[in-house]
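Working through the structure, step by step
Given next are the chains, with one letter for each unit.
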Amino acid sequence: TGDGLVWRPRPGPGRGLARLAADFPGQGQHTMVVVRYYRDGLTLSKDRVDQLYDYGQRLLAKPNVIRVDSPVTFSPDLGKAQYEALFAAYNADPASVAGLPADAQSLLKSTLAKNIAVFYVGTNKPTQSDAAITTLKSLRDGSAPPGAELLVTGSTAFNQDFINLILEDSPAAIALVILVTYVVLFLLVGAVVLPLKAEITNLLSISASFGVPVCAF
């Protein structure tokens, strides 16, 4: 400008988010926890290790999955035969895992128990994004090693389960409120039609109060 001032456009929020993602990769990642529960106990036989390994590979192939941390996927350099040998030695002498890296030893301790094997599934999608929900549904598709029950938890799973619970229980809760309100009004006014009109008026008012914001936004 003529007075020597220089105008610089302010960067939009999109540029800030792009810079944050570039300088600090992995900000949108989160983990879903898949648990294989064996009611009769988890035995690390050769067949069971093979089943867990194959399942881990299927998890890696799921949409939006970028990593799987588990007792049978902790090293990409190991194949099925190597994991079989590892757990055969572990069954013979649990101290044999001392030769593994410290992070692998810690992972084995946190993913294997008497009845469960745990798979930490990492995804690069935001917790409540459509892509994360798609990944959750693919994890809950029923494919599990024989004899195991599937359990999935994590932020996405918790939120979706809570939403489903609300949707399932809301009709009964709404019906109960309407019934109790009608009975109370009936006892107060001693009429049959008047409480019904009040109920209908309230329902229309509430529907309008929710409908207007939906239409506007």
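Residues numbered from 1 in each chain as written. Predicted model: local features only at pLDDT ≥ 70, side-chain atom pairs only at ≥ 80, totals over all residues. Heavy atoms only, no water.

1. Quick look at the overall build of the protein
Quick note on the threshold: Put simply, DSSP marks the helices as runs of H or I at least four residues long and the strands as runs of E at least two long, and each gets a number from the N terminus on. Burial classes follow relative accessibility: with a 1.4 Å probe on protein chains only, a residue under 20% of its type's maximum area counts as buried, one over 50% as exposed, and anything between as partly exposed. Should any heavy atoms of two residues lie within 4.5 Å, those residues are considered in contact. Areas reported as accessible are Shrake-Rupley estimates using a 1.4 Å probe. Residue values count occlusion only from the protein chains shown.
A tally of regular secondary structure across the protein gives seven helices and four strands. Taken from the N to the C terminus, the helices and strands of the protein come in the order α-β-α-β-α-α-β-α-β-α-α. Counting the 217 residues in the protein, one finds 29% classified as buried. Long-range pairs, those at least 24 residues apart, make up 72% of the contacts in the protein between residues at least 6 apart in sequence. Surface summary for the protein: the accessible area is close to 14,000 Å², and the carbon and sulfur share equals 63%.

2. Let's talk about the nonpolar core
How we decide: Residues grouped as a nonpolar core are buried Ala, Val, Leu, Ile, Met, Phe, Trp, Tyr and Cys residues, joined through side-chain atoms within 4.5 Å.
Ranked by size, the top nonpolar core spans 32 residues in total, and within it Leu52, Phe74, Phe87 and Phe119 carry the most contacts. Looking at this core, the elements that each hand over two or more residues are β1 (30-37), α2 (46-60), β2 (65-69), α3 (80-92), α4 (102-111), β3 (116-123) and α5 (130-139). Of the residues forming this core, the biggest block, five residues, is contributed by α2. Ignoring sequence-local partners within four residues, the contact set of Leu52 consists of Tyr38, Leu42, Leu44, Val72, Ala117, Phe119 and Pro145.

3. Considerations on the packing of helix α6 (residues 155-189) against helix α7 (residues 193-216)
For the record, the criterion: Axes, fitted as lines to C-alpha atoms, cover a helix only where it is in contact. Angles between the N-to-C directions of the axes lie from 0 to 180 degrees. What sets the label is the angle itself: under 35 degrees gives roughly parallel, over 145 gives roughly antiparallel, 65 to 115 gives roughly perpendicular, and the rest give oblique. By definition, any crossing whose near helix is turned counterclockwise from its far helix by less than a right angle is left-handed, and any crossing with a clockwise turn is right-handed. Residue classes follow a fixed rule: Ala, Val, Leu, Ile, Met, Phe, Trp, Tyr, Cys and Pro count as nonpolar, while Asp, Glu, Lys and Arg count as charged, and any other residue, Gly among them, counts as polar.
For the pair α6 and α7, the least separation of the axes is 9 Å and the interaxial angle reads 140°. As summarised for this structure, α6 and α7 are arranged oblique, according to the angle between their axes. The element α6 and its partner α7 pack so that their crossing is right-handed. On α7, the residues that touch Ile178, Thr181, Tyr182, Leu185, Phe186 and Val189 of α6 are Leu194, Pro195, Leu196, Ala198, Glu199 and Leu203. Its residues assigned to classes, the contact of α6 with α7 comprises ten nonpolar, one polar and one charged.

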